[in-house]
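Overview (structure and organization)
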Number of protein chains: 2
Amino acid sequence: MGLAKTEMFTEDQNAIALFAKVFGHPARVSILQHLFKINSCVCGDLVNEIGLAQPTISQHLKELKNLGLIKGNVEGTSVCYCIDVENWTQMKKIMYPFLDQDISKSDCC
Amino acid sequence: MGLAKTEMFTEDQNAIALFAKVFGHPARVSILQHLFKINSCVCGDLVNEIGLAQPTISQHLKELKNLGLIKGNVEGTSVCYCIDVENWTQMKKIMYPFLDQDISKSDCC
DNA sequence: TTGTTATATTGCAATATTACGATTAATATT
DNA sequence: AATATTAATCGTAATATTGCAATATAACAA
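Residues numbered from 1 in each chain as written. Chains lettered and ligands numbered in written order. Predicted model: local features only at pLDDT ≥ 70, side-chain atom pairs only at ≥ 80, totals over all residues. Heavy atoms only, no water.

A few points about the pairing of strand β2 (residues 70-75) of chain B
Residue and element names in this part refer to chain B. How we decide: When DSSP locates at least two bridges between a pair of strands, those strands are taken to pair. Only DSSP runs of H or I covering at least 4 residues are called helices, and only runs of E covering at least 2 are called strands; the numbering of each starts at the N terminus.
Pairing of β2 with strand β3 (residues 78-83) involves six bridges; the strand directions are antiparallel. From the neighbouring strand, Ile-70 faces β3, where its bridge partner is Ile-83. Hairpin connection, β2 to β3: the antiparallel pair is bridged by two residues, and Gly-76 has positive phi, about 70°.

Focus: the packing of aromatic side chains
Spelled out, the test is: Two rings from Phe, Tyr or Trp (for Trp, the six-membered ring) form a pair when their centres sit within 6.5 Å of each other. Planes less than 30 degrees apart are called stacked, planes more than 60 degrees apart edge-to-face, and all others tilted. Only protein chains enter the accessibility calculation, which uses a 1.4 Å probe; a residue whose area is less than 20% of its type maximum is buried, one above 50% is exposed, and one in between is partly exposed.
Overall, the coordinates contain nine aromatic pairs over all chains when judged by the stated rule. Ring centres of Phe36(A) and Trp88(A) lie 4.9 Å apart, and the angle between their planes is 75°; on these two criteria the pair is classed as edge-to-face. Pair noted here: Phe36(A) is in helix α2 (residues 26-38) and Trp88(A) is in helix α5 (residues 85-99), with a separation of 52 residues, a long-range link. Each member of the pair Phe36(A) and Trp88(A) is classed as buried. Aromatic pair Tyr96(A) and Tyr96(B): ring centres 5.0 Å apart, planes at 45°, arrangement tilted. With one member in each of two chains, Tyr96(A) in helix α5 and Tyr96(B) in helix α5 (residues 85-99) form a pair that bridges those chains. Here the two residues Tyr96(A) and Tyr96(B) agree in accessibility, since each one is buried. Taken together, the ring pairs connect Phe23(A), Phe36(A), Trp88(A) and Phe98(B) into an aromatic cluster.

Observations concerning the relation of the copies chain A and chain B
Quick note on the threshold: Least squares is used to superpose the copies, and the fit set is the C-alpha atoms of residues whose pLDDT is at least 70 in both copies.
Rotating chain A by 180° about the axis while translating it 0.0 Å along that axis superimposes it on chain B, leaving an RMSD of 0.0 Å. These values place the two chain copies in the arrangement generated by a two-fold rotation axis. In terms of C-alpha distance to the rotation axis, chain A has Ala20(A) as its closest residue, with the C-alpha 2.3 Å off the axis.

A closer look at the interface of chain A and chain B
To keep things clear, this is the line we draw: Working rule for contacts: check all heavy atoms of both residues, and any pair within 4.5 Å makes them a contact. By buried area we mean the combined loss of accessible area, with a 1.4 Å probe, across both parts when two parts are placed together. When a carboxyl oxygen of Asp or Glu lies within 4 Å of a side-chain nitrogen of Lys or Arg, that pair is called a salt bridge. Counted as a polar contact is a pair of N or O atoms within 3.5 Å, where, for protein atoms, one must be capable of donating a hydrogen and the other of accepting one, and residues adjacent in sequence contribute only when both atoms are in side chains. Following the grouping adopted for this structure description, the nonpolar residues are Ala, Val, Leu, Ile, Met, Phe, Trp, Tyr, Cys and Pro, the charged ones are Asp, Glu, Lys and Arg, and the polar ones are all others, Gly among them.
Facing the 49 residues of chain A at the interface are 49 residues of chain B. The junction of chain A with chain B conceals about 4,500 Å² of combined surface from both sides, 67% of it contributed by carbon and sulfur atoms. The interface formed by chain A and chain B holds two salt bridges in total. With its nearest N and O atoms 2.9 Å apart, the salt bridge here joins Lys92(A) to Asp100(B). Between the two partners, chain A and chain B, sit eight residue pairs in polar contact (both at pLDDT 80 or more). Sorting the residues of the side of chain A that touches chain B by element identifies α1 (11-23), α2, β2 (70-75), β3 (78-83) and α5 of chain A as the ones contributing at least two each. Broken down by element, the residue count for the side of chain A that touches chain B peaks at nine residues, all from α5(A). Residues of the side of chain A that touches chain B, tallied by class, amount to 27 nonpolar, 13 polar and nine charged.

Concerning the sheet that holds strand β1 (residues 41-42) of chain B
In sheet architecture, strand pairing relies on hydrogen bonds along the backbone and comes in two forms, parallel and antiparallel. Residue and element names in this part refer to chain B. Just so we agree on the cut-off: To get an axis, a line is fitted to the C-alpha atoms, and for a helix only the part in contact is used. The angle between two axes follows their N-to-C directions and goes from 0 to 180 degrees.
Taken in spatial order, the three strands make up an open sheet running β1-β3-β2, and their pairing is antiparallel. What marks the edges here is a single partner per strand, and that holds for β1 and β2. Taken together, the two bridges between β1 and β3 define a ladder with antiparallel strand orientation. Within β3, the residue paired with Cys-41 across the bridge is Tyr-81. Along the sheet, helix α4 (residues 54-66) makes contact with β2 and β3, crossing β2 at roughly 120°.

Here it is, written out as structure tokens:
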């Protein structure tokens, strides 16, 4: 297996899981924090910053890009990656209601 | 590999990734939503509700429990699972600043 | 005690993820 | 053109995840 049975869940549940999954690795968390912090970035910076090999960083960037959370523009020999503001906002609209469910009635036992 | 190099990241980054990872499967998202909705729950309900086999649900519950997001009390032959309000609140304190990073200066390219 | 019910654990097969060396592709620079 | 620089892709090894059948365990009921 190793394969989630997405067809038995709602679109919302699958969307939440997809975003969460991409946040589920500290390297990607670190990449995103770095992009927020310095506002613009090339991949090489991230390799130095994070300490994983260049292909590994490139792979993580690809996953973030696939989900639309970042975008990359070619600038000469390097690539300028940055947060995709619109999609990040969209992601928050999906994640927030999940994290913010009414907790007042919980804690039954 | 398949193993994240957690030692090269901050505690905060690893904590975010750990929480996100457990949210990274639609079955666990569904379980949590269900627990919030009906406020109290036994595992059997979840098996019917979600449609995965009982051992699979049990395993997902275990992961949620390991992270402290839910707790389970034995009630006769069944187990009453519910959200751990305190830890859920703690989780939000970690996840929110990450999701809510200042976006205003982003979108450079 | 014997069964019944509810959940957990074990073991395993299928697939996914992580990481990196080697290579490739694309663009600059000389 | 030849070379350097930067990032993407390929291939692969190591490990993790998902899902379930089979089994174990625990608590109750008759």
